[in-house]
Amino acid sequence: MATAAAAAAKPKEVTFSWEGKDKAGKVVKGEMRAGGEAMVNATLRRQGIMITKVKKQSARGGGSITEKDITLFTRQMATMMKAGVPLLQSFDIVGKGHSNPAVARLLLSLKTEVETGSSLAAAFRKYPLYFDNLFCNLVGAGEQAGILESLLDRLAIYKEKTLAIKSKIKAALFYPVAIVVVAFIITAVIMIFVIPAFKQVFTSFGADLPAPTLVVMAISDFFVKFWYIIIGGAVGGVYGFFELWKRSVPVQIMMDKVMLRVPVFGDLVLKSTIARWTRTLSTMFAAGVPLVEALDSVGGASGNYVYMAATKKIQQNVSSGISLTAAMTDSGVFPNMVLQMVSIGEESGALDAMLGKVADFFEAEVDDMVEGLSALMEPIIMAVLGTLIGGLVIAMYLPIFKMGQAV
């Protein structure tokens, strides 16, 4: 109870920006996390700085922190620590040189945590939104073994490869999605503005119109009458679906299963998932994390519920004494090539190296698939768009052709 009361009494720390003059009269600026303005003034006075201005910073200002920011930060920290730069000075250099103020504030907070006696892993654990269990576990293992710079380098490589594979999948999916959106907009414009103009001309003919023309005109009438419902429903439906996907666990589970079965793209998702799974386990195992403990982070890092559930089953089997190869075979979600490489790794005592080779192989497969899909999707999309727009044009010109034949 006393501990809880003390924690409740402790003021919440926020970030203050300050400006002042040092003992030589030079103007200095900086940021500090503290429980209040009085604490900032007292701390800086003890450092011999005469304060001229202190301002509380907005928590929301400065943009958001992306996975790319964290990846770049990890690489910079690994490089500086391998070069012998002290940890706190590394935080200063990275924070002051970063273009994103939100990242600079995060690094200032981390530096403050370390300065007050926290381990680096404990400091990272206070920001789970940016540093997951895998990141914190590897940093903790590096601190305990005295090889933090080496582990940060492994983490940087891992995050760079993971980010690259995600970017490639997004690039493969972006092109067809963009074309579908453009096709919908063009079709809506034709239906709402172009077809009604043709309809006024055709009604003055006083003759029977071909069936395709009547169908297109009926669809156009529906668009003109209910355009706000159609467009609003399409935009709202897509937005609502993605929000539901983001917030609902059952929907996420369903979509993870569906994504693995989608023709063409399902194979791409499968290979990228296996690449992330093997890369994560290789990184954890090479860092000296015990296999059963490493599997805790591997399932979540795979990014797919099917493999997350399979990893839990593998972890239970490995805990009971079954070999990793047998446990992975029993899960039924890994190709034979992966199982054979893992088996060789277990027998030779080079499991981390074999898992790394598997990850390299599947990452190369993803690269090839993305290039192949980009080349394949272009003619398919052009054919679909040509059929759609060409069908509308032909339907509207059929009455004119018939009139020409009659004349």
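Residues numbered from 1 in each chain as written. Predicted model: local features only at pLDDT ≥ 70, side-chain atom pairs only at ≥ 80, totals over all residues. Heavy atoms only, no water.

S.K.: I keep staring at the overall build of the protein chain and nothing clicks. Help me out?
M.R.: For the protein chain, the count of helices and strands is 16 helices and 3 strands. Relative to a compact globule of 407 residues, whose C-alpha radius of gyration would be 22 Å, the protein chain shows 30 Å and is clearly more extended. Seen through its C-alpha atoms, the protein chain measures out along the principal axes to roughly 100 × 65 × 45 Å. Here the protein chain, with 407 residues, has 39% of them falling under the buried criterion. Within the protein chain, contacts between residues separated by at least 24 positions form 60% of all contacts whose residues are at least 6 apart in sequence. About 22400 Å² of surface is accessible on the protein chain, with carbon and sulfur atoms providing 63% of the total. (Helix = DSSP H or I, 4+ residues; strand = E, 2+ residues; numbered from the N terminus. Rg over C-alpha atoms; globule rule 2.2 N^0.38 Å. Buried < 20%, exposed > 50% of the residue type's maximum accessible area, 1.4 Å probe, protein only. Contact = heavy atoms within 4.5 Å. Areas by Shrake-Rupley, 256 points an atom, 1.4 Å probe, with all protein chains shown as cover.)

S.K.: Got a minute to help me understand helix α13 (residues 305-319) in this structure?
M.R.: Three- or four-residue spacings in an α-helix give side chains the same orientation, since the helix completes a turn every 3.6 residues. Taking 1.5 Å as the rise per residue, α13 with 15 residues should run 21 Å; its terminal C-alpha atoms sit 21 Å apart, in good agreement. Elements in contact with the buried residues of α13: α10 (249-261), α11 (265-286), α12 (291-302) and α14 (324-331). Where α13 begins, the capping side chain belongs to Asn-304, and its oxygen is found 2.9 Å from the backbone nitrogen of Val-306. Two residues or fewer past α13, Gly-321 is found with a positive phi of approximately 105°. (Expected span 1.5 Å × (residues − 1). Polar contact = N/O pair within 3.5 Å; in protein donor to acceptor, adjacent residues only side chain to side chain.)

S.K.: Hey, could you run me through the pattern of salt bridges in this one?
M.R.: If you walk through the whole model with that rule in mind, you get 13 salt bridges. The partner of Glu-243 in a salt bridge is Arg-247, and the shortest N-O contact between them spans 2.9 Å. With Glu-243 and Arg-247 both in helix α9 (residues 211-247) and 4 residues apart, the pair spans about one turn of that helix. (Salt bridge = Lys/Arg side-chain N within 4 Å of Asp/Glu carboxyl O.)

S.K.: Please clarify how the packing of α11 against α13 should be interpreted in this entry.
M.R.: Geometry of a packed helix pair, given as the angle between the helix axes and the separation of the axes. For the pair α11 and α13, interaxial distance at closest approach is 12 Å and the crossing angle is 40°. Relative to α13, α11 is oriented oblique. Pair α11 / α13 crosses with right-handed handedness. Along the contact surface, α11 presents Leu-270, Thr-273, Ile-274 and Trp-277, while α13 presents Tyr-307, Thr-311 and Ile-314. Residues that form the contact of α11 with α13 fall into these classes: 5 nonpolar, 2 polar and no charged. (Axes fitted to C-alpha atoms, helices over the stretch in contact; angles between N-to-C directions. Parallel < 35°, antiparallel > 145°, perpendicular 65-115°, else oblique. Left-handed = near helix turned anticlockwise from the far one by under 90°. Nonpolar A, V, L, I, M, F, W, Y, C, P; charged D, E, K, R; others polar.)

S.K.: Explain a nonpolar patch on the surface here, please?
M.R.: On the surface, a cluster of nonpolar side chains totalling about 620 Å² of accessible area is made up of Val-177, Val-181, Phe-184, Ile-185, Val-189, Phe-193 and Val-194. Of note, Val-177 is situated in helix α8 (residues 148-203). (Patch = residues over 30% accessible without salt bridge, like charges linked within 9 Å, V, L, I, M, F, W, Y side chains within 5 Å.)

S.K.: Where do I start with the packing of aromatic side chains in this structure?
M.R.: Any pair of aromatic rings gets described here by the distance separating the centres and the angle formed by the planes. Applying the stated criterion to the full structure yields 15 aromatic pairs. Centroid distance Phe-222 to Phe-226: 5.1 Å. Interplanar angle 50°. Geometry classified as tilted. Here Phe-222 pairs with Phe-226, and both are found in helix α9, just 4 residues apart, close to one helical turn. Accessibility expressed as a relative area gives 47% for Phe-222, which makes it partly exposed. On the numbers, 5.5 Å between centres and 70° between planes, the contact of Phe-241 with Phe-242 is edge-to-face. (Phe/Tyr/Trp six-rings, centres within 6.5 Å; stacked < 30°, edge-to-face > 60°.)

S.K.: Could you clarify how one ought to interpret the environment of Val-85 in this entry?
M.R.: By secondary structure assignment, the location of Val-85 is in the loop between α3 (67-82) and α4 (87-97). Residues Val-85 and Met-382, 297 residues apart in the sequence, show an inter-C-alpha distance of 55 Å.

S.K.: Help me understand α10, please; the structure alone is not making it clear to me.
M.R.: In this model, α10 (13 residues) spans 19 Å end to end at C-alpha, consistent with the 18 Å of a helix rising 1.5 Å per residue. Taken residue by residue, α10 has Val-251, Met-255 and Asp-256 as its buried positions. Down the axis of α10, the buried set is contained in an arc of 135°. They therefore lie on one face. Away from its buried face, by an angle of more than 90 degrees, α10 presents the exposed residues Val-249, Pro-250 and Arg-261. Contacts made by the buried residues of α10 are with α9 and α13. (Arc of directions from axis to C-beta.)

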